[in-house]
Amino acid sequence: MSTMASTAYVRSEMVGPQKAPPSMIGPIGWARKNLFSSPINSVLSIVAALFIVWCLIPVIRFTLIDAVWTGDDRAACAQASGACWAYVKAYLPQFIYGRYPIDQRWRVDIVFLMLAVALVPMLIPRAPFKRLNALFLLTVYPLASFVLLTGGHIGLRGRFLPDDIVGPGPVRFALEFALVSFVIILLVGLGARLLGLRASQSGSAIGIVLGALAVVFMVVGADFGLVPVETANWGGLLVTLVVAVTGMVASLPLGVILALGRRSKMPVVRIASVTFIEVCRGVPLITVLFMASVMLPLFLPEGVTFDKLLRALIGVALFQAAYMAEVIRGGLQSISRGQYEGAMAIGLSYPQRMRLIILPQALRVVIPGIVGSFISLFKDTTLVAIIGLFDLLGQIQASANDAKWASPVTGITGYIFAAMVFWAFCFSMSRYAAFTERRLDRSRRG
Amino acid sequence: MTEAIAVAEPPIALKVSSTDVALEMIDVNKWFGEFHVLRDINLKVMRGERIVIAGPSGSGKSTLIRCINRLEEHQKGKIIVDQIELTNDLRKIDEVRREVGMVFQHFNLFPHLTILENCTLAPIHVRKMPKKEAEDVAMHYLTRVKIPEQANKYPGQLSGGQQQRVAIARSLCMSPRVMLFDEPTSALDPEMIKEVLDVMVGLALEGMTMICVTHEMGFARQVANRVIFMDGGQIIEQDEPETFFTNPKHERTKLFLSQILHH
């Protein structure tokens, strides 16, 4: 042992944790580490700080210090060198509701309120009843919103049965619906028999779809005593939200279907999906909107009218679905073959494999992409102005030309306000996505 | 590996049915594009047999067992599993997959589900078992592979050996009649191979019909009742493990054995 003395070592006392030197912790430590770690870094930090101050001073002056906060007409802002917030205040109801009748605006409020009340617990991971909540958001809510916003009671009169059997009206429509349903069920039953599938399964699926449709028709056809409000009178944030939310909700499932279709082994399905996706991605949204509003009516039979907003909604949803499909396809491709094989080997069918194994993982991977495309959709809603719908930006633009408030700063103020509203929505989406990503990442690592 | 063979116990005498055919492959041929991967494969597996398939990489042994549950499609010949012939009929394929369990080299557990959910998924959605019952079954098999305490963790939190044992439990939850193992220990650290092999030996002792593609020759000696040697997409030689290891007949088999046993 004695010969080893020079290299052998045994610790007799443990060293406890000691405080880090002050230059490493706290704000000073952070600044040293991140802002002034080297001469070049220091110079850049100072230049950047000066630039920020240089930009910020005029912005703050314009929006806060020199701004006009009160007033009843253009006189208040005519001489102002800052933002004319009085104008925004006066016009705020219009920015939110457009030309929706003033005494009916409570209906819009209810729709907004329901969305907030249902969405907040949906977004908080720990809140209970997720399934019920989602069901409400995807079924009851759209239906209720439709009835509340339009007034419901759409005239279902039926089309095909001759007038002398039963006159136009809900009864004829109900009869026709029953007839068509019967034929469909018959055909499906026959088809299933021919293909040798179990008829009861496909039959019950069709039954559920037809039953749901019947409920939808009953609700939208029923008279709730609400004054009808034409979509031409809708405007402002209402239109922006209707277009954006419908686009988001519709594009996700459509995108999933298209993405799966594009990866399908069946050539017909694949080619159809690819064609749709590439055509939609190859043309600007404005073109799609123009097609929807100008071209589509040309193809429809005489006398059939289609609501302008509805046409825009369909256009936006389909357009967005194509982008969504590509985002989701990226996610599908990131899932290893082993996952598909593992799922196959335990006997899951194709729909089960997709629903239980592949999509949950694929969608998780592409959350940033999905939110990115939601954000760009939210901003693209402003393009509906081009076909004569007044979204938030369109409404603001229209009001800025109002003689009552015309002043050099009115327009700029309006745009600043629009920018703030859009930014608030998009930024919250982006932050929420970041939060979700972190959460899922954590749960995966445990 | 050489040591494992030296200490390996003699093959276990287990009952192999002489009438009950678990699966049969008749003149099976398969191509990957132009490449002829499986050539005239004839294989009859009786209920209770433990078969080890060995061979150099690229010999088609993985492809062979992947044909049995139709992860790969064969182009010629017949594959009959549990009296069901595998054709393009999706229902037949699903039926076969319900009866055949498979364990992969890379486990292929579902990372977004807990261990318990991994195990209950197929019983609930394929066998339509009530959730509570499926969980009881899953816990039973997780206890058998000695990791019941990990039930609520995610696969990513487990070691490779533990994951592979979960994969075995996941297959067992479907009460399969045949188990396929595709190089189950090849992706594992040496220390973890034993825990997985122990589980597999246990399964064999209970009379499970097993087909294993593996390089674990110790396992083959101890458990298998038949060793099949493949090369170039063909079955070159098959025999009882004792004769196969001590007295191989074909030149190619001799070469293979000399290379893996005396490296």
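Everything numeric here is computed off the predicted structure, so don't read it as measured data.

### Some points on the packing of helix α4 (residues 105-123) of chain A against helix α5 (residues 130-150) of chain A
All names here are of chain A.
Thought 1: Remark: α4 packs on α5, axes separated minimally by 10 Å, with the N-to-C direction vectors making an angle of 170°. Relative to α5, the element α4 lies roughly antiparallel. For the pair formed by α4 and α5, the contact residues are Arg 107, Val 108, Ile 110, Val 111, Met 114, Leu 115, Ala 118, Leu 119, Pro 121 and Met 122 on the first element and Lys 130, Asn 133, Ala 134, Phe 136, Leu 137, Tyr 141, Ala 144, Ser 145, Leu 148, Leu 149 and Thr 150 on the second.
Thought 2: Split into classes, the residues belonging to the contact of α4 with α5 amount to 16 nonpolar, three polar and two charged.

### Focus: the interface of chain B and chain A
Thought 1: Listed as interface residues are 25 residues of chain B and, on the opposing side, 25 residues of chain A.
Thought 2: Buried surface at the junction of chain B and chain A, summed over both partners, amounts to about 2000 Å²; 57% is from carbon and sulfur atoms.
Thought 3: The three residues of chain B that bury the most area against chain A are B:Arg97, B:Phe110 and B:His112, which together make up 28% of that side's buried surface.
Thought 4: Applying the counting rule to chain B against chain A returns two salt bridges.
Thought 5: A salt bridge links A:Arg337 to B:Glu72; its shortest N-O distance comes to 3.9 Å.
Thought 6: Inspection of the chain B/chain A interface yields six residue pairs in polar contact (both at pLDDT 80 or more).
Thought 7: Looking at the side of chain B that touches chain A, the elements that each hand over two or more residues are α3 (90-99), β6 (100-103) and α4 (115-125) of chain B.
Thought 8: Looking at the side of chain B that touches chain A residue by residue, the class counts come to 13 nonpolar, five polar and seven charged.

### Observations concerning the state of the cysteines
Thought 1: Taken as a whole, this structure holds one disulfide over all chains when the rule is applied.
Thought 2: The partner cysteine of A:Cys77 in its disulfide is A:Cys84, sulfur to sulfur 1.7 Å. A torsion of 70° about the S-S bond marks the disulfide between A:Cys77 and A:Cys84 as right-handed.
Thought 3: For A:Cys77, a relative accessible area of 0% gives the class buried.
Thought 4: Look at A:Cys84 and you get buried, because its relative accessible area is 0%.
Thought 5: With no disulfide of its own, B:Cys119 has B:Cys173 as its nearest cysteine by sulfur position, at a separation of 4.6 Å.
Thought 6: Taking relative accessible area as the criterion, B:Cys119 reaches 1% and is therefore assigned buried.
Thought 7: You can see B:Cys212 has no disulfide; the closest cysteine sulfur is in B:Cys67, sitting 17 Å from it.
Thought 8: Residue class for B:Cys212 comes out buried when judged on its relative accessible area of 2%.

### Description of the confidence of the model for chain B
Residue and element names in this part refer to chain B.
Thought 1: Of all residues in chain B, 94% have pLDDT values of 70 or greater, and the mean over the chain is 90.
Thought 2: Throughout residues 1-8 the model reports pLDDT below 50, and contacts reaching past four residues in sequence, or to other chains, amount to nine contacts.
Thought 3: Scoring of the predicted complex yields 0.82 for pTM and 0.90 for ipTM.

### Things to note about helix α13 (residues 350-365) of chain A
Each full turn of the α-helix corresponds to 3.6 residues, which orients residues three or four apart in the same direction.
Thought 1: Remark: the principal bend of α13(A), roughly 45°, maps to A:Ile358, with a proline, A:Pro360, within the next four residues.
Thought 2: Inspection of α13(A) places A:Gln352, A:Arg353, A:Met354, A:Leu356, A:Ile357, A:Ile358, A:Leu359, A:Gln361 and A:Ala362 among the buried residues, and these make up the whole buried set.
Thought 3: Against α8 (236-262), α11 (308-334) and α12 (337-345) of chain A together with α3 and α4 of chain B lie the buried residues of α13(A).

### Comments concerning the sheet that holds strand β5 (residues 84-85) of chain B
Residues and elements named next belong to chain B.
Thought 1: Pairing is antiparallel in the open sheet, where four strands are placed in the order β2-β1-β4-β5. Bordering the open sheet on either side are β2 (35-46) and β5, each of which pairs with just one other strand.
Thought 2: Contacts from helix α2 (residues 61-68) reach β1 (21-32), β2 and β4 (76-81) within the one sheet, and its direction differs from that of β1 by about 120°.

### Considering the nonpolar core
Thought 1: Judged by nonpolar contacts, the single largest core of 128 residues is most densely connected at B:Met25 and B:Leu64.
Thought 2: Ranked by the residues each element gives to this core, the list is headed by α8(A), at 12 residues.
Thought 3: Discounting chain neighbours no more than four positions away, the residues touching B:Met25 are B:Ile41, B:Asn42, B:Leu43, B:Leu64, B:Cys67, B:Ile68, B:Lys78 and B:Ile79.
Thought 4: Formed by 49 residues, the second largest nonpolar core is a distinct cluster that contains B:Cys119, B:Ala138, B:Tyr141 and B:Met179.

### Remarks on the packing of aromatic side chains
Thought 1: Applying the stated criterion across every chain, the model contains 18 aromatic pairs over all chains.
Thought 2: On the basis of an interplanar angle of 85° and a centroid distance of 5.3 Å, the ring pair of B:Phe244 and B:Phe245 is categorised as edge-to-face. When sorted by exposure, B:Phe244 lands in the same class as B:Phe245, which is buried.
Thought 3: A network of ring pairs unites the aromatic residues A:Tyr87, A:Tyr91, A:Phe95, A:Trp405 and A:Phe417 as a single cluster.
Thought 4: Over the ring of B:Phe110 we find B:Arg170, and its NZ or CZ is 4.5 Å from the ring centre.

### Some details on the packing of α13(A) against helix α14 (residues 367-380) of chain A
Residue and element names in this part refer to chain A.
Thought 1: One can describe the packing of α13 onto α14 by two numbers: an axis separation of 4 Å at closest approach and a directional angle of 65°. Judged by residue contacts, Leu 363, Arg 364 and Val 365 of α13 engage Ile 367, Pro 368 and Ile 370 from α14.
Thought 2: Looking at the contact of α13 with α14 residue by residue, the classes come out as five nonpolar, no polar and one charged.

### Here's the deal with the confidence of the model for chain A
Thought 1: For chain A, the mean per-residue pLDDT works out to 87, and 96% of the residues sit at or above 70.
Thought 2: Per-element mean pLDDT across chain A ranges from 82 in helix α7 (residues 199-221) of chain A up to 95 in α12(A).

### Re the pairing of β6(B)
Residue and element names in this part refer to chain B.
Thought 1: Every second residue of β6 is oriented toward a common face, with Val 100 and Met 102 on one face and Gly 101 and Val 103 on the other, all of them buried.
Thought 2: Relative to strand β7 (residues 178-182), β6 runs parallel, the two being bridged by four bridges. When the bridges of β7 are listed, Val 100 appears paired with Val 178.

Calculation criteria
Residues numbered from 1 in each chain as written. Chains lettered and ligands numbered in written order. Predicted model: local features only at pLDDT ≥ 70, side-chain atom pairs only at ≥ 80, totals over all residues. Heavy atoms only, no water. Axes fitted to C-alpha atoms, helices over the stretch in contact; angles between N-to-C directions. Helix = DSSP H or I, 4+ residues; strand = E, 2+ residues; numbered from the N terminus. Parallel < 35°, antiparallel > 145°, perpendicular 65-115°, else oblique. Contact = heavy atoms within 4.5 Å. Nonpolar A, V, L, I, M, F, W, Y, C, P; charged D, E, K, R; others polar. Buried area = accessible area lost by both parts, 1.4 Å probe. Salt bridge = Lys/Arg side-chain N within 4 Å of Asp/Glu carboxyl O. Polar contact = N/O pair within 3.5 Å; in protein donor to acceptor, adjacent residues only side chain to side chain. Disulfide = S-S within 2.5 Å. Buried < 20%, exposed > 50% of the residue type's maximum accessible area, 1.4 Å probe, protein only. pLDDT = per-residue confidence, 0-100. Bend = angle between axes of the 7 residues up to and from the residue. Pairing = 2+ DSSP bridges. Core = buried A, V, L, I, M, F, W, Y, C linked by side-chain atoms within 4.5 Å. Phe/Tyr/Trp six-rings, centres within 6.5 Å; stacked < 30°, edge-to-face > 60°. Lys NZ or Arg CZ within 6 Å of the ring centre and 35° of its normal.

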